[in-house]
Amino acid sequence: MATPGQGSGTGSQPNRLETGGLVDRSRIVRFTFDGKTYTGHPGDTLASALIANGVSLTGRSFKYHRPRGILSAGSEEPNALVELREGARREPNTRATVAEVFDGLVARSQNRWPSLDFDVMAVNSLLSPIFVAGFYYKTFMWPSALWEKLYEPAIRRAAGLGRASDEADPDTYDKATAFADVLVIGGGTAGLAAALAAARTNARVILVDENATLGGRGVDDGADINGNPAHEWVRTVEAELSSAPNVRILRRTTAFGTYDGGTYGAVERVSDHLAVAAQGVPRQRLWRIVAKETVLASGATERPVVFGGNDRPGVMLAGAVRTYINRFGVLPGRRAVVFTNNDYGASTVAALKRAGAEVVALVDSRAQISDEVKRIASEAGARLLLGAVVTGTLGKKRVTGVTIHTRTGEEERLDCDLVAMSGGWNPNIQLTTHLGSKPTWNDKLLCFLPGTLPHGMSLAGAVAGDFTLGKTLVGGTSAGSAAVTAAGYAAVSVPVPKAADESDAVAPLWRVKSPNGKAFVDQQNDVTESDIELAEREGFRAVEHLKRYTTLGMATDQGRTANVNALAIMAEITGRTIPQTGITVARPPYTPVSLGTLAGHHREKHFKPTRLPPSYRWAKENGCVFVETGLWLRPSYFPRPGEKDWLETVKREVTTVRNAVGICDVSTLGKVDLQGADTAAFLDRIYMNGLKTLPIGKCRYGGMLREDGILMDDGTVARLGENHYFITTTTANAVKVVQHMEYCAQWLWPELDVQIVSATEQWAQYAVAGPKSRELLQKIVDPAFDITDAGFPYLGVGEITVCGGIKARLFRLSFSGERAYEIGVPARYGDALMRRLAEAGKEFGACAYGTEALGVMRIEKGHISGPELNGTTTPRDVGLGGMVSTKKDFIGHVLGKRPGLVDPERPALIGFRPLDRSQRLRSGAHFLKRDAQATAENDEGYMTSVAYSPSNGHWVGLGLLKRGPERIGEIVRAYDPVRGGDTLVEVVSPVFVDPEGVRVRG
Amino acid sequence: MSRAHYSIFSVLRESLRGHTGWGPAWREAEPKPDYDVVIVGGGGHGLATAFYLAKHHGPLRIAVLEKGWIGGGNVGRNTTIVRSNYLLPGNIPFYELSMQLWEGLEHELNYNAMVSQRGVLNLYHSDGQRDAFARRGNAMRLHGVDAELLDQAAVRKMVPFLNFENGRFPIHGGLLQRRGGTVRHDAVAWGYARAADRLGVDIIQNCEVKGFKREGDRIVGVETTRGYIGAKKVGMAVAGSSSRVAAMAGLRLPIESHVLQAFVSESIKPFIDGVVTFGAGHFYISQSDKGGLVFGGDLDGYNSYAQRGNLPVVEDVLEGGMALMPRIGRVRMLRHWGGIMDMSMDGSPIIDHTPVSGLYINAGWCYGGFKATPASGFCFAHLIAHDQPHAVAKAYRLDRFATGHAIDEKGMGPHPNLH
Amino acid sequence: MRIACPYCGERSLDEFLYSGDATVKRPDFASPTAANEFVSYTYERSNPPGMHRELWYHSAGCHAWLVVTRGIATHAITSVEVARDVALNEKPATKDSI
């Protein structure tokens, strides 16, 4: 017989049994809890190690700050939540029952001050008559100003459990996708049997289990399989599965969610059992598992009984008591009272006895029990109290005894330091309900069982209501065979392991009437049975109302030990059955998942990919300042030594373009190649302006609308050949335009012969702009090509070669108002071409310019861009009304004529300059008539784009002003209160440079 | 049955007698044969409509019909944010009315829905975004709504723990509405229900409308799972079920139903005070009074009547979260769930008559329905009572798509899933 | 949700973009009632709770537009067709009408 605390090698662990358990007794690990050092063994959880060391007080409750201990031995734990680790790795609310100990582990209790032992907030317990469910809704209303200032901050400080780290998470997270013919969720006896049956075919099998070791309750209960201890059978099966090439076992992996299409989310805790993750190894990994068939073998969770003081440390689920004894070799108490409504009381009595504890009594609420149970109790020397219930517990921070209400109506006290309770079992059906299936109530087993299962899912073991070991093996084997057959494999006959079927008889017992002290239903959220009565009284009877009003089931355990008891109590109060009362819906995740895991690598700098334009390296070498433009990092401006700010640099770049020549990387513009016999007709239906007449070798500015008549994008259309077009889009809309064109080609007009391919990344393209642009180009364009004004006029386009035979495309386009070209080469020559242009440009005084100067020059010319193409403007609004064809069908033609879109009162594009030329303009300012009050009624539009114009020597702006083009010469207010601005501006032509357009033609 | 006024005294009195004196917050009403007004939908909007009808336009015999339990739609599954930081003149006055009603709500209802004005901060990450926020902030100020444009230093002071140093998209500043904040969402439904009940409104749960009864062009009542109920006027406020209910009246709406997911973390000690939205990714976050981080992102993107989303969007949202505030990495997601959004074609709501005389519609709330609850009820009540739109809701016409007066805040056009 | 692209095979949801109702057809711009027809086509949706015919775009794949038949209460997909084929079947090639 094992006895606690006397063996060698257990150090000072007074409650460690001399033998038994699956921990590695050959090694000792040291950890601290609340600053005090303890020892444990590899294989321990923090909970089992604390129990081994005789620590029973582990936390304080959420609302009343009552002392709390360890209730369970698994992920359902509501009470024993700790802050694990320190500094940047501090993790709040970690369940001590699943955290594996490692050397150097640091854990602290939560939600107490100054210490766990002496928590001043326990004063809340005295106020508990006030702090009942829903009390906040009835109070804190007077005076209302105090809510944010006084009441709420106090409530917020008191609420919450642990403290999150205030530093960035230093660990890495990984993501993986896996495909399985058969996914088995749960590595208990049922899951192992299912995995084995499936694995003996060639099917791809994935087995996931949330624990570090497989075996589940069969091992926890110390049962026998095929005549040997269950863990030996588990080891054999595990060995076979591990060596099978078609099987992947994911330990420490929780399948947390069922998603559409046979997809399951799972999180693998790769390194949480280590002090620090190894170099290059993530802390956790998110698995997206796509399974043809899934065997859910998720087991069951034991229900507590609701009685007075059922939250006191030392009150534990009976199954957890067995787990601590059998799996961890620790004894949670020396003098135990077992309180139950089912036959598992017997195995708890036996396990305690075997471990050397005194079993004071078996308190069973049933008047009649089997002789077998009686025999076990008698052998253990336990008093058998039938038809009796525990009404309350004695003690403060640890239970010292219980009060019993006997069958004959007497009150009795029993001394004990452990209450092992069991109210029956709830199958872990959560993953069956995530897609909306409703569970069904089983009156014999007294639990909810899965309803209609998600496509491809089957059940094995306790989740199916097969609670006994023998049944889990039978059910697991057949579920595995059936699943693999359904996945298209010929099942191999697998012998079913033999195990006894213990009795699982159970009778209803949800709460003890007239409890002695507070009786908790949801221990973590401090919801008592009287809160449920209050909710009922106030009309919150619908189960969702109950949950929301009392916060029942909304804590970190999602009410796994609370919800069914609560429903049953509500059913009892309202005189309805449990199914009439309802069910609460489980939401993913099954257990909480670290946010970092869900993000994976895509965080901080790696949140989104960075797209680099072809000249990026050259620009970086030349001191460029870049700007994020969508995913692109575009050159913004190129400061030179001695320039005091960006404005000075930009002025210099603009001036260089206007007087000499500049080079700008415009590769980020969307580029689309279209070919096919009907391309002309196709483009004619996409663009609002006519394109049918565009000759080969020419390009044209074009605009396209959405079907609702609003401008979608603008750009150029170049005709390279009879049936070959090349268009550009704005940088922002490159993807959208291709999608739109594909939509039109494939869905609206499939009869048209047109092929569309995005060429944005295939071509590096540079604008070469300025009066000396042709001379510069002449240096690199191969001599065979005539680029004189006669041979290559404004809006010309041609396929040429440069730098001795490199194929290129030349477009004579300008957005600066100067003579300008765009030259494109295959992207792999982009870097070289930039270097060549910069080199060749030296003699002309050329400079590179970025998006800032680009923006200045387009504003100086009154060209629209992103701020004007904001998804709410019509062609007419931005001065392009004249381009819109009235003769043809095109996208947006019909709806563009709706009254609201042709209303002459709509704000329309016009130019602005400050009345006092020294003042700066700001886009986003709203226009008001000069003498108008600043009210919404007087709002006449807004400034869309502004720039300091070196050519004019003052700021210029473009904006949308009510009847703008009719108001040239008027003075209006540019009102910008959020930046303290209120500037008088003059309405002027939107073209600030070369209004006749002479320079562009050279 | 006691329907006590909530006060410090009543709370203390009840705490001395085990809270046995509280009665139901609202009666379990049985349907009467007919009413002056029947509101279809016992969500926040329907209950608010009934309350304001009873309070300002009575006496009227009013019923709210709810197919399940009240407050079970979007008022019970949102991310609790209230704000009036809109851009367009069709929207700002409406949402500002809502904000003002929120500010007086606990006294109006005698119910503490925990309206908490801790600020809503929208971050900007580029000059273009800054100017767009300036335009919005200026529009708000012109409407008398509070708005402040913060530079990076001011944002840093307010929320120092954001990722200023190592972000993919640098934080340049933010648009702040200090009066914005959060509200305890379920309590809004319960507060309106209790207050409406006290004014005599019948709140009838488990009563699903199966059809509309007309005489000629006029509505005369509704067929329900609990029998026929006559009504002089019927108002639909059924959010995600709008298309389905409108179809019973022969209407096709400019609405698709889309799923939006929301998330809550485990409860932790105070971590973030107000509401912060990421301007370069799909992520916004606040912390509830109970300690959970409440956050969300973009629509899943596909039409759905299932109240659940899928994993790719979960990942997308948390990528945004970890980009913006990498210290949340070890906090755990407790639950995620989906709600059905009645996404209109321009992202703005509809409060209007229908072509059927006596039938009114309140729909198309997209994911902005919660913050709109008080004003939606207020204006819908006004419309039903007077047959004229309330001044701040007159842009929310059903025919605005035909006339070209869409109210498109985001400029996304007729693509409901992009608003 | 997983969509079986006829070209690429079954792929995860995040490769696709949903883009609306596939049962509405773009009207003839020359129709005398084109204004109303375009309003209905662009804005009005039946949006029933059962099966939908929807347009999806394989944006992170082959760029095919697809017609997906899907129950929007269950997310169960019963068919995935190439939109071009569906369109051609519904509207036989009438190049002359260009």
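Everything numeric in this text was worked out from a predicted model, so none of it was measured.

Basis of the calculations
- Residues numbered from 1 in each chain as written.
- Chains lettered and ligands numbered in written order.
- Predicted model: local features only at pLDDT ≥ 70, side-chain atom pairs only at ≥ 80, totals over all residues.
- Helix = DSSP H or I, 4+ residues; strand = E, 2+ residues; numbered from the N terminus.
- Buried ≥ 20, exposed ≤ 12 C-beta atoms within 10 Å, placed from the backbone.
- Contact = placed C-beta atoms within 7 Å.
- pLDDT = per-residue confidence, 0-100.
- Nonpolar A, V, L, I, M, F, W, Y, C, P; charged D, E, K, R; others polar.
- Core = buried A, V, L, I, M, F, W, Y, C linked by C-beta atoms within 7 Å.
- Domains from an automatic or database assignment.
- Pairing = 2+ DSSP bridges.
- Axes fitted to C-alpha atoms, helices over the stretch in contact; angles between N-to-C directions.
- Expected span 1.5 Å × (residues − 1).
- Parallel < 35°, antiparallel > 145°, perpendicular 65-115°, else oblique.
- Left-handed = near helix turned anticlockwise from the far one by under 90°.

1. Side note on the overall build of chain A
Within chain A one finds 25 helices and 50 strands. The buried share of chain A, taken over its 1002 residues, is 61%. Taking contacts inside chain A between residues at least 6 apart in sequence as the whole, the part at least 24 apart equals 67%.

2. Section: the confidence of the model for chain C
When the pLDDT values of chain C are averaged, the result is 93; 93% of them are 70 or greater. Among the scores for the predicted complex, ipTM is 0.97 and pTM is 0.96.

3. Some words on the interface of chain C and chain B
Contact with chain C, which involves 21 residues of that partner, is made by 22 residues of chain B. Sorting the residues of the side of chain C that touches chain B by element identifies β3 (17-21), α1 (34-43) and β4 (51-57) of chain C as the ones contributing at least two each. The class makeup of the residues in the side of chain C that touches chain B is 10 nonpolar, 7 polar and 4 charged.

4. Remarks on the nonpolar core
Among the nonpolar cores identified, the biggest contains 330 residues, and Val182 and Val419 of chain A are the most heavily contacted of them. Of the domains in this structure, domain 1 (8-17 + 27-83 + 87-96 + 103-108 + 185-254 + 346-418) and domain 2 (115-181 + 256-344) of chain B are the two that each give at least three residues to this core. Ignoring sequence-local partners within four residues, the contact set of Val182 of chain A consists of Ala198, Ala203, Val205, Ala291, Glu293, Val295, Ala483, Val484 and Ala487 of chain A. Listed in part, the 128 residues of the second largest apolar core include Ala660, Val661, Val825 and Met834 of chain A.

5. Regarding the sheet that holds strand β1 (residues 29-33) of chain A
Strand pairing in a sheet is mediated by backbone hydrogen bonds. Such pairs are either parallel or antiparallel. All names here are of chain A. Read across the sheet, 5 strands follow the order β2-β1-β7-β5-β6 without closing on themselves; strand pairing throughout is mixed. With partners counted over all chains shown, the strands left at the sheet margins are β2 (36-40) and β6 (91-95), one partner each. Sheet twist, expressed as the average angle between the axes of neighbouring strands with direction ignored, equals 40 degrees.

6. Digging into the pairing of strand β42 (residues 806-811) of chain A
Residue and element names in this part refer to chain A. Note that strand β41 (residues 797-802) and β42 share 6 bridges and pair antiparallel. Looking at β42, one finds that Gly798 is bridged to Leu810. Here β41 folds back onto β42, and the loop between the two strands holds 3 residues, one of which, Cys803, carries a positive phi near 50 degrees. Direction of pairing for β42 relative to strand β43 (residues 820-826): antiparallel, over a ladder of 3 bridges. Residue pairing for β43: Leu810 is matched across the bridge by Ile823.

7. Some points on the environment of Ala189 of chain B
By secondary structure assignment, the location of Ala189 of chain B is in helix α7 (residues 185-198). C-alpha of Ala189 of chain B to C-alpha of Gly43 of chain B: the two residues are 146 residues apart in sequence and 6.5 Å apart in space.

8. Considerations on the interface of chain A and chain B
Of the residues lining the interface, 97 residues belong to chain A; the matching set on chain B comes to 88 residues. Per-element accounting of the side of chain A that touches chain B gives the leading share, 6 residues, to helix α4 (residues 146-158) of chain A. Among the residues forming the side of chain A that touches chain B, the class breakdown is 39 nonpolar, 26 polar and 32 charged.

9. A short note on α7 of chain B
Here α7 of chain B spans 21 Å end to end across 14 residues, near enough to the 20 Å set by a 1.5 Å rise per residue. Most of α7 of chain B is tucked away, with 13 of its 14 residues classed as buried.

10. Section: helix α5 (residues 127-142) of chain B
All names here are of chain B. If you check α5, its first and last C-alpha atoms are 22 Å apart, about what 16 residues at 1.5 Å a residue would give, namely 22 Å. The buried fraction of α5 amounts to 13 of the 16 residues, a majority that puts the element mostly inside the structure. Of the residues one or two after α5, Gly144 is the one with positive phi, at around 80 degrees.

11. Side note on the packing of helix α2 (residues 44-56) of chain B against helix α10 (residues 369-386) of chain B
Residue and element names in this part refer to chain B. The contact between α2 and α10 brings their axes to 7 Å, and the two run at 45 degrees. Here α2 lies oblique to α10, going by the angle between them. The hand of the α2/α10 crossing is right-handed. Along the contact surface, α2 presents Gly44, His45, Ala48, Thr49, Phe51, Tyr52, Leu53 and His56, while α10 presents Gly369, Phe370, Thr373, Pro374, Ser376, Gly377, Phe378, Phe380, Ala381, Ile384 and Ala385. Residue composition of the contact of α2 with α10, grouped by class: 11 nonpolar, 8 polar and no charged.

12. Points about the pairing of β43 of chain A
All names here are of chain A. Most of β43 is tucked away: 6 of the 7 residues are buried. Bridging between strand β40 (residues 763-769) and β43 involves 7 bridges; their strand directions are antiparallel. Bridge pairing links Val768 to Tyr821 in β43.

13. Thoughts on the sheet that holds β3 of chain C
Pairing is antiparallel across the open sheet formed by 4 strands, whose spatial order is β3-β4-β5-β6 (chain C). Of all strands in the sheet, those with a lone pairing partner are β3 and β6 (77-82) of chain C, marking the two edges. The sheet shows a mean angle of 30 degrees between the axes of neighbouring strands, direction not considered. For β3 of chain C and β4 of chain C, the ladder comprises 3 bridges, and the chain directions are antiparallel. Residue pairing for β4 of chain C: Tyr18 of chain C is matched across the bridge by Trp56 of chain C. Lying on the sheet, helix α21 (residues 734-748) of chain A is in contact with β4 and β5 (65-71) of chain C; it crosses β5 of chain C at an angle near 80 degrees. Strands β4, β5 and β6 of chain C of the sheet are contacted by helix α2 (residues 83-90) of chain C, whose axis makes an angle of about 80 degrees with β6 of chain C.

14. Examining the environment of Phe890 of chain A
Residues and elements named next belong to chain A. Tracing the chain through its elements places Phe890 in the loop between α24 (851-860) and α25 (899-902). Sequence spacing of Phe890 and Asn689 is 201 residues, and the spatial spacing of their C-alpha atoms is 8.8 Å. In contact with Phe890, not counting residues within four places along its chain, are Asp684, Arg685, Ile686, Tyr687, Met688 and Ser885.

15. As for the environment of Asn138 of chain B
Among the structural elements, Asn138 of chain B can be located in helix α5. Judged by local crowding, Asn138 of chain B falls into the buried class, with 28 C-beta atoms found within 10 Å. For the pair Asn138 of chain B and His390 of chain B, spaced 252 residues apart in sequence, the C-alpha separation works out to 24 Å. Non-local contacts of Asn138 of chain B, meaning those with residues more than four positions away in its chain, are made with Gly924, Ala925, His926, Tyr975, Asp976, Pro977 and Val978 of chain A.

16. A short note on the packing of helix α13 (residues 529-537) of chain A against helix α14 (residues 543-550) of chain A
Residues and elements named next belong to chain A. For the pair α13 and α14, the least separation of the axes is 10 Å and the interaxial angle reads 120 degrees. With respect to α14, the axis of α13 lies oblique. When you trace α13 past α14, the crossing you get is right-handed. Contact residues: Asp531, Ile532 and Ala535 in α13; Leu546, Tyr549 and Thr550 in α14.

17. Section: unusual backbone geometry
All names here are of chain A. Geometrically, the link from Trp113 to Pro114 is a cis peptide bond, its omega value of 0 degrees lying close to zero. Its place among the elements puts Pro114 in the loop between β7 (105-108) and α2 (123-126). In the segment running from Trp142 into Pro143, the intervening peptide bond is cis, with an omega of -20 degrees. Take Pro143: it is sitting in the loop between α3 (135-138) and α4. Despite not being glycine, His65 shows a phi value in the positive range, around 55 degrees.

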